[in-house]
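Structure assessment
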Amino acid sequence: MGAALVAASTAICASGALAQSATLTQVKSRGILHCGSGTGLAGFGIPDAQGNWSGLDVDVCRAVAAAIFNDPTKVKFIPLSAKDRFTSLQSGEVDLLSRTTTWTLSRDTALGLNFAGVSYYDGQGFMVRKKLGVDSALKLAGASICTQQGTTTELNLADYFRANKIKYEVVAFASNQETVKAYESGRCDAFTTDASGLYAERLTLSTPADHIVLPEIISKEPLGPVVRHGDDVWFDIVKWSLFAMVNAEELGITKANVDEMLKSDNPEIKRFVGTEGKFGEPMGLTNDWAYRIVKHVGNYGESFERNVGSGSLLKIARGQNALWTKGGLQYAPPIR
């Protein structure tokens, strides 16, 4: 009797929550996901000459589209500046924000947003010209530093130099492109942003070899996808789409073998690919939602390597973004 009541209560709660998922209903009715992306950052979110987007953040949006539509191309990428990204999400212009955005307390609470996990563990660093002769951020006393307005970068910069009692001059710009352009033209001595961004932007400079990234990491920058408060089912869909990619890597499920995994007797894999249990239904998805993600997008490791890792121009080491079983921080709750 107790088990039956629990099951009935769970079903009622699930259907009740699903009925309130205005975002999912709108996305399905529209037939396409609106994803807020960056204005162009190699490895994370950038369009090619034909307008085809790629990147680690882009793959999160494609994973959500795959889970809903079984089609990763049903995404409209809407470029948003750092200044406009939150208001565009709050207003409903985009369904999901996935563009190198740092998870902080104020953003998670005061802005009415929910971070759906960490897709990339990052930290803020500095880039300078080799000819400056500087090998540490602590030697930037009196330097002019280019940064972008409306970001955690600007705040971290002030905190770091104040804590170390170092004087500096901030040169702030509205967009990342303006900031990089100003640095390359010599408007400032150093450029600061997330370390991943430094490696990406260094490749766009006319002579990348003339610039170095300093060793200091001065902040915690957990980057991840963001949704609005108030739609728990949509929050679940975005959150578990990211978790599915991480779990797939841990389980050894890849784009190449995911079809073969449909025949697996492993209980964890059976739940993952949807041959056992009904884990998609409470989110308004088919039970093979996670299978769809890996089939079309791949697991987290595959996405990392082709976009920012060894298979990319950035060649960033996994480091903190390795699985927890391999000394990193990437860890996802189980599908159970």
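Refer to the structure presented above.
Summary of the structure given here. (Residues numbered from 1 in each chain as written. Predicted model: local features only at pLDDT ≥ 70, side-chain atom pairs only at ≥ 80, totals over all residues. Heavy atoms only, no water.)

Summed over the entire model, instances satisfying the criterion amount to nine salt bridges. We note a salt bridge from Asp59 to Arg306, for which the minimum N-O separation is 2.9 Å. Linking Asp59 in helix α3 (residues 56-69) with Arg306 in helix α12 (residues 300-307), this pair joins segments that are 247 residues apart in sequence. On the accessibility criterion, Arg306 (37% relative accessible area) is partly exposed. Between Asp288 and Arg292 there is a salt bridge, with the nearest N and O atoms lying 3.3 Å from each other. (Salt bridge = Lys/Arg side-chain N within 4 Å of Asp/Glu carboxyl O. Helix = DSSP H or I, 4+ residues; strand = E, 2+ residues; numbered from the N terminus. Buried < 20%, exposed > 50% of the residue type's maximum accessible area, 1.4 Å probe, protein only.)

Our next topic: the side chain of Ser119. Inspection of the secondary structure assignment puts Ser119 in the loop between β6 (113-115) and β7 (120-122). Contact partners of Ser119, with chain neighbours within four places excluded, come to Leu56, Asp57, Val60, Leu223, Gly224, Pro225, Leu242, Tyr300, Asn321 and Gln330. (Contact = heavy atoms within 4.5 Å.)

A few words on empty space enclosed by the protein. Where empty space is left becomes clear once a probe the size of a water molecule has been rolled over the atoms. Per the counting criterion, the structure on display carries two cavities of 30 Å³ or more. Forming the walls of the largest cavity are 30 residues, and the residues nearest its centre are Arg99, Thr100, Gln148, Asn176 and Thr193. Taken together, the elements giving at least two residues each to the lining of the largest cavity come down to β9 (144-148), α6 (152-163), α7 (176-185), β11 (190-194) and α8 (195-202). Among the elements that take part in the lining of the largest cavity, β11 stands out by supplying four residues, more than any other. (1 Å grid on protein atoms, 1.4 Å probe; cavity = no way out; pocket = protein on both sides within 12 Å on 5 of 7 lines; lining within 4 Å. Points joined across faces, edges and corners; volume = space filled by probe spheres on them.)

Positive phi is not limited to glycine here, since Asn70 has a value of about 60°. Residue placement: Asn70 occurs in the loop between α3 and β4 (75-79). Phi angles above zero are rare outside glycine, and Lys165 is one such case at about 50°. Inspection of the secondary structure assignment puts Lys165 in the loop between α6 and β10 (169-173).

A separate point is the packing of aromatic side chains. Tallied over the full model, the rule gives 12 aromatic pairs. Summarising the aromatic geometry, the rings of Tyr120 and Phe304 are spaced 6.1 Å apart at their centres and angled 10° between planes, so their arrangement reads as stacked. In this pair, Tyr120 is assigned in strand β7 and Phe304 in helix α12, connecting sequence segments 184 residues apart. The burial state of Tyr120 is the same as that of Phe304; both residues are buried. An angle of 35° between the planes, with centres 6.1 Å apart, marks the rings of Tyr183 and Phe191 as tilted. Judged by relative accessible area, which is 0%, Tyr183 ranks as buried. Across the ring face of Phe304, the terminal group of Arg318 is positioned such that the distance to the ring centre comes to 5.1 Å. (Phe/Tyr/Trp six-rings, centres within 6.5 Å; stacked < 30°, edge-to-face > 60°. Lys NZ or Arg CZ within 6 Å of the ring centre and 35° of its normal.)

Attention now goes to the state of the cysteines. Under the defined criterion, the tally for this structure stands at two disulfides. Sequence-ordered numbering of the bonded cysteines in the protein chain gives a pairing of 1-2, 3-4. (Disulfide = S-S within 2.5 Å.)

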